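Listed below are the residues making up each chain.
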Amino acid sequence: MHRKPIIAAMALVLSLFMNAAAMAESAADQFIGTWTLVSIRYVRSDGSVIQPFGPNVKGVLVFDGKQFSTQAIAANLPKFVSNNRMRGRPKEYEAIS
């Protein structure tokens, strides 16, 4: 008996079945999870684009299927001398606002 071709055929059928099941998921289900944020862009009705955190935003987006949360920070913010934003100098706070 030729077991290798039968096992290969069974593996192919199983992989096709699993792929079809994954494709049946809704877009929202496929989007659930934690994502690395690469840009935040607002497009106005006139077509102009605003990037409120600049072109190199860093952050995460978390989506649970119904709600989402975004944490973002501009990547080019200056560092604090103390390396602690809770102990900044007035000029440092002004530079990041």
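Everything that follows concerns the structure shown earlier in this document.
Keep in mind that what you see is a predicted model, and the values were worked out from it rather than measured.

Participant: It is not clear to me how the packing of aromatic side chains should be interpreted in this structure. Could you clarify?
Facilitator: Working definition: an aromatic ring pair is given by the centre-to-centre distance plus the angle between the planes. Counted by the stated rule, this structure contains three aromatic pairs. Summarising the aromatic geometry, the rings of F31 and W35 are spaced 5.4 Å apart at their centres and angled 20° between planes, so their arrangement reads as stacked. Given the relative accessible area of 39%, W35 is considered partly exposed. Aromatic side chains F80 and Y93 sit 5.6 Å apart centroid to centroid with 65° between the ring planes, which places their arrangement in the edge-to-face category. Note that F80 is positioned in the loop between β5 (68-74) and α3 (90-96) and Y93 in helix α3, a separation of 13 residues in sequence.

Participant: What is the right way to read unusual backbone geometry from this model?
Facilitator: If a residue is not glycine, its phi is most likely negative; likewise, a peptide bond is most likely trans. Not every positive phi belongs to a glycine, and N83 is a case in point at roughly 60°. With respect to the secondary-structure elements, N83 resides in the loop between β5 and α3.

Participant: Got a minute to help me understand the pairing of strand β4 (residues 57-63) in this structure?
Facilitator: Consecutive side chains of a regular strand alternate in pointing toward one face of the sheet and then the other. Bridging between strand β1 (residues 33-37) and β4 involves five bridges; their strand directions are antiparallel. By the bridge assignment for β4, G33 is matched with F63. Sheet topology note: the β4/β5 ladder contains seven bridges and is antiparallel. Considered in β5, the bridge of G59 is made with A72. Linking β4 back to β5 in an antiparallel pair, the connection comprises four residues, with G65 at a positive phi of about 105°.

Participant: So what exactly am I meant to see when it comes to the sheet that holds β1 here?
Facilitator: Taken together, the three strands give an open sheet; going across it, the order is β1-β4-β5, and neighbouring strands pair in antiparallel fashion. In this open sheet, the two edge strands, each paired with only one partner strand, are β1 and β5. The mean angle between the axes of side-by-side strands here comes to 10°, regardless of whether they run parallel or antiparallel.

Participant: Help me understand the side chain of E92 in this model?
Facilitator: On the secondary structure map, E92 appears in helix α3. Among buried charged residues, E92 stands out as having no salt bridge; its nearest opposite-charge side chain is R89, 4.9 Å away. Ignoring sequence-local partners within four residues, the contact set of E92 consists of K79, F80 and V81.

Scoring rules and cut-offs
- Residues numbered from 1 in each chain as written.
- Predicted model: local features only at pLDDT ≥ 70, side-chain atom pairs only at ≥ 80, totals over all residues.
- Heavy atoms only, no water.
- Phe/Tyr/Trp six-rings, centres within 6.5 Å; stacked < 30°, edge-to-face > 60°.
- Buried < 20%, exposed > 50% of the residue type's maximum accessible area, 1.4 Å probe, protein only.
- Helix = DSSP H or I, 4+ residues; strand = E, 2+ residues; numbered from the N terminus.
- Pairing = 2+ DSSP bridges.
- Axes fitted to C-alpha atoms, helices over the stretch in contact; angles between N-to-C directions.
- Lys, Arg positive; Asp, Glu negative; His and termini not counted.
- Salt bridge = Lys/Arg side-chain N within 4 Å of Asp/Glu carboxyl O.
- Contact = heavy atoms within 4.5 Å.

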